Amino acid sequence: MTTDTSVDQSDDDRTRDDANRLIVLLRTLLAESSDIVQHLEATTGLRFSRLQQSFWPVLDQARAAHEALAVSAAGVELAPPRAVASATEAHVILARRTEAMASGSRPEPCDDYIVYRLGRPDPAAQIGPQDISPPPLPPLPEGERPQCGKETQTGLPCRNRVQSIEGRWASGCERHLDDHEKAVYEREKSQGLAHSQALRKAQQAARNKAASVTAHRWLQTMIAVSTAETSLAD
Ligand SMILES: [Zn+2]
C-alpha cells in the first residue's frame, strides 16, 4: 500500500488553518456576545451583571484554547505531562510549554487574533482629552516617599509617609501638612476624584459606543440572513 504524503500534508495544513480560523471566530463571537450584553444593559436600563461576568472565565478558557492550538500546530516542545488524564487540557498544555521554555524567547502564538483585535476600535483609544476633565494631576515626585518625621502626641516622630502635592513631596503626612499644603492637598484630592469619575464615565461611554457598533452589525446580519432565507423560499 502506498501513501501520498503531499496530500496528507495538505490535509493537515487545511485542518490546522480551519482550526485556527474557527477558534478566532469563537473568540470573536464570545467577545461580541459580551458587547451585546453591554448594549442591552445600556439601552434597556436592566442589569445583567451575572451574565456579563460569566463571559470572563469563558473568554479566558477560549484564549487558552487558542494558544494551546497555536502551540500544538507550531510543534513547540512541551515538558512531559504531570497527569496523563488532563494532559490535553489547554491550560495544561500551556503550563507544559512554559515549563519547557524556561529559557529563550517565546513566540507570540496568536497573531491572527491580535490582528483582528487591532482591526476593532479599541474603546480606550476612543477617549479624547475633551472627554475627561479636569486634567490629570502632576506625576508623583521621583525617589522613595520620605517618612513624615513630625512629632506626634506621644512625642515620637510620625512614621507615616509624606503626601505629594503639586508634583513634589509635602513637608508631612496627611495629618501633619501645614495650612497652605492642606489647602492644596484638599484641592488636588477633589480634582483627582473628579478626574477618575470623568475617566470612568468616558470609558463607559466608549464601551457603550463599541457595543452599539457590534449590536448594529449583528442586527444587520440577522436582517441579511432573514432576507436570504425569504428569497430562497420564494
Ligand atoms: Zn505625620
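Residues numbered from 1 in each chain as written. Predicted model: local features only at pLDDT ≥ 70, side-chain atom pairs only at ≥ 80, totals over all residues.

### Observations concerning the overall build of the protein chain
- Each helix and strand in the protein chain was counted, giving five helices and two strands.
- Counting from the amino terminus, helix and strand elements in the protein chain follow one another as α-α-α-α-β-β-α.
- By the burial criterion, 12% of the 234 residues in the protein chain qualify as buried.
- In the protein chain, the share of contacts with a sequence separation of at least 24, taken over all contacts with a separation of at least 6, comes to 57%. (Helix = DSSP H or I, 4+ residues; strand = E, 2+ residues; numbered from the N terminus. Buried ≥ 20, exposed ≤ 12 C-beta atoms within 10 Å, placed from the backbone. Contact = placed C-beta atoms within 7 Å.)

### So, unusual backbone geometry
- Positive phi is not limited to glycine here, since Glu166 has a value of about 50°.
- By the secondary structure assignment, Glu166 is in the loop between strand 1 (164–165) and strand 2 (168–169).

### Some details on the environment of Ala62
- By the secondary structure assignment, Ala62 is in helix 2 (residues 49–74).
- By C-beta crowding, Ala62 is classed as buried, having 21 other C-beta atoms within 10 Å.
- Taking the C-alpha atoms as reference points, Ala62 and Thr28, 34 residues apart in sequence, are found 10.0 Å from one another.

### Details of helix 2
- Here helix 2 contains 26 residues, and its C-alpha end-to-end distance of 38 Å stays within 8% of the 38 Å for a straight helix at 1.5 Å per residue.
- Here helix 2 has its buried residues at Ala62, His66, Glu67, Ala68, Leu69, Ala70 and Val71.
- Directly beyond the C-terminal end of helix 2, a positive phi value near 65° is found at Gly75. (Expected span 1.5 Å × (residues − 1).)

### Some thoughts on helix 5 (residues 179–233)
- End to end, helix 5 covers 81 Å across 55 residues, agreeing with the expected 81 Å (1.5 Å per residue, within 8%).
- Of the residues making up helix 5, those classed as buried are Ala202, Ala210 and Ala211.

### Observations regarding the confidence of the model for the protein chain
- When pLDDT is averaged along the protein chain, the result is 81, and 79% of the positions lie at 70 or above.
- Mean pLDDT across the secondary structure elements of the protein chain bottoms out at helix 4 (residues 111–119), with 50, and peaks at strand 2, with 93. (pLDDT = per-residue confidence, 0-100.)

### Quick notes on the packing of helix 2 against helix 3 (residues 90–100)
- Running from amino to carboxyl end, helix 2 crosses helix 3 at an angle of 55°, the nearest separation of the two axes being 8 Å. The angle between helix 2 and helix 3 places the two elements in the oblique class. Crossing angle aside, the handedness with which helix 2 passes helix 3 is left-handed. Residue-level inspection shows Gln61, Ala64, Ala65, Glu67, Ala68, Val71 and Ser72 of helix 2 in contact with helix 3, the latter providing Ala90, His91, Ile93, Leu94 and Arg97.
- Its residues placed into classes, the contact of helix 2 with helix 3 shows seven nonpolar, three polar and two charged. (Axes fitted to C-alpha atoms, helices over the stretch in contact; angles between N-to-C directions. Parallel < 35°, antiparallel > 145°, perpendicular 65-115°, else oblique. Left-handed = near helix turned anticlockwise from the far one by under 90°. Nonpolar A, V, L, I, M, F, W, Y, C, P; charged D, E, K, R; others polar.)

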